[in-house]
Amino acid sequence: MAEGTAKAEDRQFIPISFTLNGTTQQTQVEPHELLIDVIRNRFGLTGTKRSCDVQVCGACTVLVDGRPMSSCTTLAFEARGHEVLTIEGLAKNGKLHPLQAAFIEHGGFQCGFCTPGMILAAKALLDQNPEPNREEIIHFMEGNICRCTGYKKILESIVAAAKILRSPGR
Amino acid sequence: MRRPEALEIFQPASVKEACQIIRKNGPGGHFLAGGTDLVIAIKEKGLAPRYVVDLKRIPSLSGIGENPDGSLTIGALTTLREVEISPLIRKKYPFLAQSAAEVGSIQIRNRATIGGNMANATPSADVAPSLLVLDTKAKISCDGEERVVTLEDFFVGPGKTVMKQDEILTELIIPPTPAGLRGEYMKFSPREMMDLAYVGVAVALALETKTKKCQHVRIALGAVSPTPMRARKAEAILLNQVLAEEIAERAGEEASSECKPISDVRSSAEYRREMVRVNTKRALLNAGLGSEPISWLERRDKRY
Ligand code: FES
Ligand code: FES
């Protein structure tokens with residue numbers, strides 16, 4: 001029963017192996033630990049932001065197997081065997097992902113607190129729908145709240161990044 | 001914000017094993033499916049499970065399939081996002097896919113499961129009215145024994161179902177439906193996004209080919225009674241009648257008097273009743289048009 005679990009004293013630790021930003025990680029987590037805490041505190045990846053803490057704002061969005069999820073309500077052990085991508089894993093060889101570059105160029109953020117979640121959600125959208133129209137972007141992004149920009153510039157940034165990602169030779 | 005406290009987790013590999021864990025460990029256990037409701041209940045509502053039984057390692061509990069007789073089975077661990085984008089469901093029952101798309105956000109739909117959503121028996125659950133108009137049945141399993149109840153009987157009250165503590169909802173079954181069945185789900189919530197339905201109305205009907213009379217009428221309401229409910233008196237008004245503005249209005253009035261809404265932070269009971277009347281009428285007329293599935297924004301604009 002309870003395969004893959006081991007008990008030390010009366011605390012339960014679950015050994016997990018998962019991919020974090022392309023690197024395989026082995027660690028032990030307690031059943032109640034949240035993914036956001038493990039990402040931020042254990043792996044020091046503080047780009048994943050905590051805001052509402054109850055899965056309504058999108059600031060803590062990470063991609064699990066390419067799908068946006070709120071890490072503030074995901075139990076860490078559930079990441080076992082999956083691929084987790086945080087904002088830190090997006091740039092490749094020091095080169096920003098086109099979404100990151102577009103958010104900078106088009107003023108897609110002000111304080112920046114919602115931005116990691118915004119960009120990851122947008123990446124998931126563009127990965128499955130390279131040419132979304134305005135309403136598709138809005139529907140997909142409705143779980144990501146920004147209190148600074150008024151969303152117009154965010155939309156523009158996503159549309160611009162989509163265009164770059166679609167351009168030939170990429 | 002409260003952090004979850006230490007809890008013990010079990011990860012059974014079969015439904016049978018999951019039932020046995022509950023029997024052995026007794027009260028205070030909770031099942032974990034998607035986790036979107038459970039973790040919120042721990043954080044916000046002070047729920048303190050003694051132990052948690054994670055169902056996600058049980059194979060065969062997820063997926064959508066069509067059977068030779070035309071019925072559909074949806075595994076309890078199928079996520080709402082999978083329901084939303086399933087080509088099979090979009091083709092056969094676009095309004096069911098639509099109602100799944102109305103839930104929360106993409107971050108929530110990627111984890112929340114249709115079985116967890118039904119087992120939590122929230123009166124406002126968006127997919128419940130759509131499933132009710134499809135005469136959906138719930139398969140419940142415990143220790144090798146299975147029983148099947150209609151989804152209507154499955155719900156007993158807010159947060160309450162017919163399941164005993166050691167029973168697990170394993171599957172939803174949509175029986176074969178009449179050819180040409182058309183339906184509609186209207187979610188009424190003044191905030192367009194990330195809000196619960198103040199009122200949810202689903203309808204399904206099939207028209208007789210020559211006379212265009214309604215042969216098969218189902219109307220179901222969410223958020224206006226202790227459980228998602230069928231509005232049978234309203235259905236009876238339409239049966240064998242040609243759908244038109246005036247009769248849709250009468251069905252709306254009937255549905256509005258059949259429902260049993262409460263007043264809460266979202267809305268007064270009176271307002272809910274009025275919105276049932278209006279939205280039932282609109283849902284019927286929209287379904288009658290039988291148009292091709294349309295986009296999210298167009299649907300939203302149609303509501304008001
Ligand atoms: S912090 Fe997780 S959704 Fe807001
Ligand atoms: S840039 Fe400040 S919250 Fe979005």
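It should be noted that the structure appears before, not after, this text.
The structure presented is a predicted model; accordingly, all values stated were derived computationally and were not measured. (Residues numbered from 1 in each chain as written. Chains lettered and ligands numbered in written order. Predicted model: local features only at pLDDT ≥ 70, side-chain atom pairs only at ≥ 80, totals over all residues. Heavy atoms only, no water.)

A. Quick look at the environment of B:Gly28. All names here are of chain B. Inspection of the secondary structure assignment puts glycine 28 in the loop between α1 (15-25) and β2 (29-32). Here glycine 28 falls in the partly exposed class, since its relative accessible area comes to 33%. Between the alpha carbons of glycine 28 and valine 15 there is a distance of 19 Å; along the sequence they are 13 residues apart. In contact with glycine 28, other than residues within four places in its own chain, are Pro49, Arg50, Tyr51 and Gln165. (Helix = DSSP H or I, 4+ residues; strand = E, 2+ residues; numbered from the N terminus. Buried < 20%, exposed > 50% of the residue type's maximum accessible area, 1.4 Å probe, protein only. Contact = heavy atoms within 4.5 Å.)

B. How the structure looks around the interface of chain B and chain A. Contacts between the two partners involve 40 residues from chain B and, on the opposite side, 40 residues from chain A. In total, about 3400 Å² of surface goes out of reach between chain B and chain A, with carbon and sulfur atoms giving 55% of it. Summed over the three residues of chain B that lose the most area to chain A, namely B:Gln11, B:Gln107 and B:Arg111, the buried surface amounts to 18% of that side. Put simply, chain B and chain A have 2 salt bridges between them. Across the contact surface, chain B and chain A share 12 residue pairs in polar contact (both at pLDDT 80 or more). Of all the secondary-structure elements, those providing two or more residues to the side of chain B that touches chain A are β1 (8-10), α1, α2 (38-45), α3 (80-85), α6 (106-109) and α13 (296-302) of chain B. A class-by-class count of the residues in the side of chain B that touches chain A yields 18 nonpolar, 9 polar and 13 charged. (Buried area = accessible area lost by both parts, 1.4 Å probe. Salt bridge = Lys/Arg side-chain N within 4 Å of Asp/Glu carboxyl O. Polar contact = N/O pair within 3.5 Å; in protein donor to acceptor, adjacent residues only side chain to side chain. Nonpolar A, V, L, I, M, F, W, Y, C, P; charged D, E, K, R; others polar.)

C. A look at the packing of helix α3 (residues 115-128) of chain A against helix α5 (residues 152-166) of chain A. Residues and elements named next belong to chain A. For the pair α3 and α5, interaxial distance at closest approach is 11 Å and the crossing angle is 45°. Our classification of the angle between α3 and α5 gives oblique. Handedness of the crossing formed by α3 with α5: right-handed. Contacts from Met118, Ala122 and Leu126 of α3 reach α5 at Ile154, Ile158, Ala161, Ala162 and Leu165. Residues that form the contact of α3 with α5 fall into these classes: 8 nonpolar, no polar and no charged. (Axes fitted to C-alpha atoms, helices over the stretch in contact; angles between N-to-C directions. Parallel < 35°, antiparallel > 145°, perpendicular 65-115°, else oblique. Left-handed = near helix turned anticlockwise from the far one by under 90°.)

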